[in-house]
Amino acid sequence: MTEDTQGNGRAADGRSARGGGERTPSRDSAIGARVAGSGIARRRLGGGILALGGALALTPVPLAGAAARSGPGTGVPDRAADTGADMGPGAHRPTLRRGSAARAGLLQGPLDQLVRDAEAYLADSPEHPWYAGAVLLAGRGGTVALHRPIGKAVRYSAYDEKTDTGVEFPPEQQITMAEDTVFDLASISKLFTSLLAVQQIERGELELETAVASYLPDFAGGGKQGITVRQLLTHTSGFRAWIPLYEEPTREGKLRLLWDEVPVSTSGSAYLYSDLNLISLQLILEKVTGRSLDALLHDEITAPLGMHRTRYNPPGSWKPKIAATEDARPPWSGLERGLVWGEVHDENAFGLDGVAGHAGVFSCAWDLAVLARTLLNGGVYGRSRILSEDSVDLLFTDFNTAFPGDEHGLGFELHQHWYMGAMATPRSAGHTGFTGTSLVLDPSTDTFLIVLGNSVHPVRSWRSGSAPRVAAANQLARAVPVRPERGRTAWFSGMASASTATLTLPALRLNSARARLECALWWDTEPAADNLFLEASTGGDWQPVPFTTLAQGPGRHRPDPRPHPTGSATGWSGRVWHRLEADLTAWRGRDVRLRWRYATDRLYVGRGAYVDGLRIRDGVRTVFDAERPRDAGRIEATGWRPSAD
């Protein structure tokens, strides 16, 4: 059973809640150029590489290691905060230390709420606890502002399927969660395998567009001769989600199942998340390096970065500090194992002696934070560099533009609201694990979030969806302040789901042929699902008001004004303030009211919307200005509120 999907093909963590399943086949053109060694650097221009329809195109996107520039509305505070922003070549690359929310450039209130939200899932949600316990870690720049254990690392000795209850250990044998508790990361292990592959690409030992069968000739069986390394890393190979390799008693038998496996779709034609991709990548790495995957992990990643609590097959001495997982028995588990504690939970990884490309890595929250900081630093931590900045950029670059909703870098998932919540941006990268783990990195705000829970303890059927991950990510996103474009406060829509918030101006009579609305606008919403509307009414129905926006910020290369002909905005706007103008001459000679309406669906939300500096000009006259106390007092707000951050 795959670490992140159930046998019915639906995501155990909510992956199919929006945009899941196979995509309509489309042409997945080849990158065309060799991505290895210095080949990466030769193709970089203006700071980034972007995949378009499967092909690499040059575009000025920021490096993963360079957070957004400081300035109003960016969410990046001044240099007094330890955020690591403005990291150009040779700039300071922070290492981790504990500190206050203020030192990290974060707001304390949302971090406190993050913990309260997480603790709520220790109770029935709705019928059973989502996890027995968890370790939460959140930070920005070089500062870890939150590191909190909650609940139990070990609570249950077994699961009683007749009563659907957990059989608890005696209280004195239960183990409270600690900051350094080690977790079975499940599919987060895929990220380590992917990083090792990108290292070999950088060194010229592995090529992204080369067929897997050129490294593993037996892999060509079942019509797999056209599958490339890139397709393994981006889950576009055509493999089904998983097969029960553990049913074969020998390694040779397991490999034969893989060699004979027939893809369910043509390579490159669809996105389908599969453990088999990373198992295949493991075999390639071991072939080209002559080393086992666990040795590669130690030598190339964990030892250089000082991640001493991260490894495959933890020793028995670690067991008291490891979170227990499942009472593994058929029919919910493929193997009869009893309480799994200190050994890998995934059946196929267990069958591969605990070392597998898709699962098997154990780690703690702090070690994962070091990894997160390394990637946000552009591949370096302290004196150790594990990847070049160019290679790291490929991790944050979408290679799956042909499959909207399934954005994917090399190994890393991108822009996934279903577990990244309001942290999701086109460059936000992360992964989840079936055991209840998740990691999210947001380069735009230089933030990172680790949620490690033992959500299959005592049984996998007790949890569904990804609500605790989303709740934590929403609060960390809210903890990054958005400073008003002018003055002390701006109007904030809030971040509630399944809601409608309105910000309505008083009725005004406009007489000029040059009447217009001006304001500053900031928005970041779940694309298409949550929308911000500008509307007008003369006493009846509300009608859309078309407008244009222009992003504000430093630099000579300003974008052109962006039209919004339907009077709405949705999705990602770069987390910067935009200057907005709307022509109001269509309402000339009539009393008209204008309003902002922010509508969200029931699933996920972005960071919300802000409006500042509202002004209406009727020719040369200013007939409304929110900076005038009398005019500000006439605004009707439902759901919106003044906010300094």
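Placed above this text is the structure.
Rules used throughout
Residues numbered from 1 in each chain as written. Predicted model: local features only at pLDDT ≥ 70, side-chain atom pairs only at ≥ 80, totals over all residues. Heavy atoms only, no water. Helix = DSSP H or I, 4+ residues; strand = E, 2+ residues; numbered from the N terminus. Buried < 20%, exposed > 50% of the residue type's maximum accessible area, 1.4 Å probe, protein only. Areas by Shrake-Rupley, 256 points an atom, 1.4 Å probe, with all protein chains shown as cover. Pairing = 2+ DSSP bridges. Expected span 1.5 Å × (residues − 1). Bend = angle between axes of the 7 residues up to and from the residue. Phe/Tyr/Trp six-rings, centres within 6.5 Å; stacked < 30°, edge-to-face > 60°. Lys NZ or Arg CZ within 6 Å of the ring centre and 35° of its normal. Contact = heavy atoms within 4.5 Å. Polar contact = N/O pair within 3.5 Å; in protein donor to acceptor, adjacent residues only side chain to side chain. Core = buried A, V, L, I, M, F, W, Y, C linked by side-chain atoms within 4.5 Å. Axes fitted to C-alpha atoms, helices over the stretch in contact; angles between N-to-C directions. Parallel < 35°, antiparallel > 145°, perpendicular 65-115°, else oblique. Nonpolar A, V, L, I, M, F, W, Y, C, P; charged D, E, K, R; others polar.

Student: In this structure, what is going on with the overall build of the protein? I would like to understand it.
Tutor: Scanning the protein from terminus to terminus reveals 14 helices and 34 strands. Burial analysis of the protein (645 residues in total) assigns 61% to the buried set. Summing over all exposed atoms, the protein offers an accessible surface of approximately 23,400 Å²; the carbon and sulfur share of this is 51%.

Student: I'm lost on the sheet that holds strand 10 (residues 311–312) in this one. Help?
Tutor: In sheet architecture, strand pairing relies on hydrogen bonds along the backbone and comes in two forms, parallel and antiparallel. Strand order in the open sheet made by the three strands is 9-13-10, with antiparallel pairing throughout. Looking at the sheet topology across the chains shown, the edges are occupied by strand 9 (183–184) and strand 10.

Student: Would you mind showing me how to read the pairing of strand 17 (residues 429–433) here?
Tutor: Remember that side chains alternate between the two faces of the sheet whenever the strand is regular. Of all five residues in strand 17, five are buried; the element is thus mostly enclosed. Alternating positions in strand 17 separate into two faces, Ala429, His431 and Gly433 on one and Gly430 and Thr432 on the other, with burial throughout. Relative to strand 18 (residues 437–442), strand 17 runs antiparallel, the two sharing five bridges. If you follow His431 over to strand 18, its bridge partner there is Leu439. The hairpin formed by strand 17 and strand 18 contains three residues between the paired strands, and Gly436 there has a positive phi angle of roughly 115 degrees.

Student: It is not clear to me how helix 8 (residues 293–305) should be interpreted in this structure. Could you clarify?
Tutor: Helical geometry: 3.6 residues make up each α-helical turn, so side chains three or four residues apart lie on a common side. Given a rise of 1.5 Å per residue, 13 residues ought to cover 18 Å, and the 17 Å separating the end C-alpha atoms of helix 8 matches this to within 8%. Within helix 8, the axis deviates most sharply at Asp299, by approximately 35 degrees. All buried positions along helix 8 are accounted for by Leu293, Leu296, Leu297, Glu300, Ile301, Thr302 and Leu305. Positive backbone phi, approximately 70 degrees, marks Gly306, located one or two places after helix 8.

Student: Whenever I open this one, the pairing of strand 26 (residues 547–551) confuses me. Can you help?
Tutor: With burial as the criterion, only one face of strand 26 is covered, namely that bearing Phe547, Thr549 and Ala551; the residues Thr548 and Leu550 on the opposite face remain uncovered. Pairing between strand 26 and strand 27 (residues 562–564): three bridges, direction antiparallel. When the bridges of strand 27 are listed, Phe547 appears paired with His564. As paired strands, strand 26 and strand 29 (residues 578–583) are joined by four bridges and run antiparallel to one another. Its bridge partner lying in strand 29, Ala551 is registered against His578.

Student: Whenever I open this one, the packing of aromatic side chains confuses me. Can you help?
Tutor: Applying the stated criterion across every chain yields a total of 13 aromatic pairs. Aromatic side chains Tyr156 and Trp462 sit 5.7 Å apart centroid to centroid with 85 degrees between the ring planes, which places their arrangement in the edge-to-face category. In this pair, Tyr156 sits in strand 6 (residues 156–160) while Trp462 sits in the loop between strand 19 (447–453) and helix 13 (467–479), placing the two residues 306 residues apart along the sequence. Assigned by exposure class, Tyr156 and Trp462 land together as buried. Aromatic pair Phe219 and Phe239: ring centres 5.9 Å apart, planes at 85 degrees, arrangement edge-to-face. Of this pair, Phe219 sits in the loop between helix 4 (189–202) and helix 5 (229–233) while Phe239 sits in the loop between helix 5 and helix 6 (251–260); the two residues are 20 residues apart in sequence, bridging distant segments of the chain. Of the two residues, Phe219 and Phe239, both sit in the buried class. Each residue in the set Tyr156, Tyr159, Trp332 and Trp462 is aromatic and connected to the rest through ring pairs, giving one cluster. Seen from the ring of Phe219, Lys224 lies directly overhead, with NZ or CZ sitting 5.3 Å from the centre. Here the guanidinium or amino end of Arg463 rests over the ring plane of Phe434, the centre of that ring lying 4.7 Å away.

Student: Teacher, can you tell me more about the environment of Tyr156 here?
Tutor: For Tyr156, a relative accessible area of 4% gives the class buried. As for Tyr156 and Glu168, which are separated by 12 residues in sequence, their C-alpha atoms are 4.1 Å apart. Apart from residues no more than four positions distant in its own chain, Tyr156 is found in contact with Ala132, Gly166, Val167, Glu168, Phe169, Leu339, His457, Pro458 and Trp462. Within the structure, Tyr156 has its side chain in polar contact with the side chain of Arg155 (distance 3.3 Å).

Student: Would you mind showing me how to read the nonpolar core here?
Tutor: Generally speaking, nonpolar side chains in soluble globular proteins are found buried as a group. Grouped together as the largest cluster of nonpolar side chains are 87 residues, with contacts concentrated most on Phe192, Ile284, Leu375, Leu395, Leu441, Phe448 and Ile450. For this core, the leading source of residues is helix 10 (residues 365–376), giving eight residues. Once residues lying within four places of it in the same chain are set aside, the contact partners of Ile284 are Leu206, Val212, Tyr215, Leu216, Val229 and Leu232.

Student: Please explain the packing of helix 3 (residues 108–120) against helix 13 as it appears in this structure.
Tutor: Helix packing geometry: the angle between the two helix axes and the distance between the axes. Helix 13 packs onto helix 3 with a crossing angle of 175 degrees between their chain directions and a minimal axis gap of 8 Å. The orientation of helix 3 relative to helix 13 falls into the category roughly antiparallel. Contact residues: helix 3 offers Pro110, Leu111, Gln113, Leu114 and Asp117, while helix 13 offers Ala471, Ala472, Gln475, Leu476, Arg478 and Ala479. Class assignment for the residues of the contact of helix 3 with helix 13 results in seven nonpolar, two polar and two charged.

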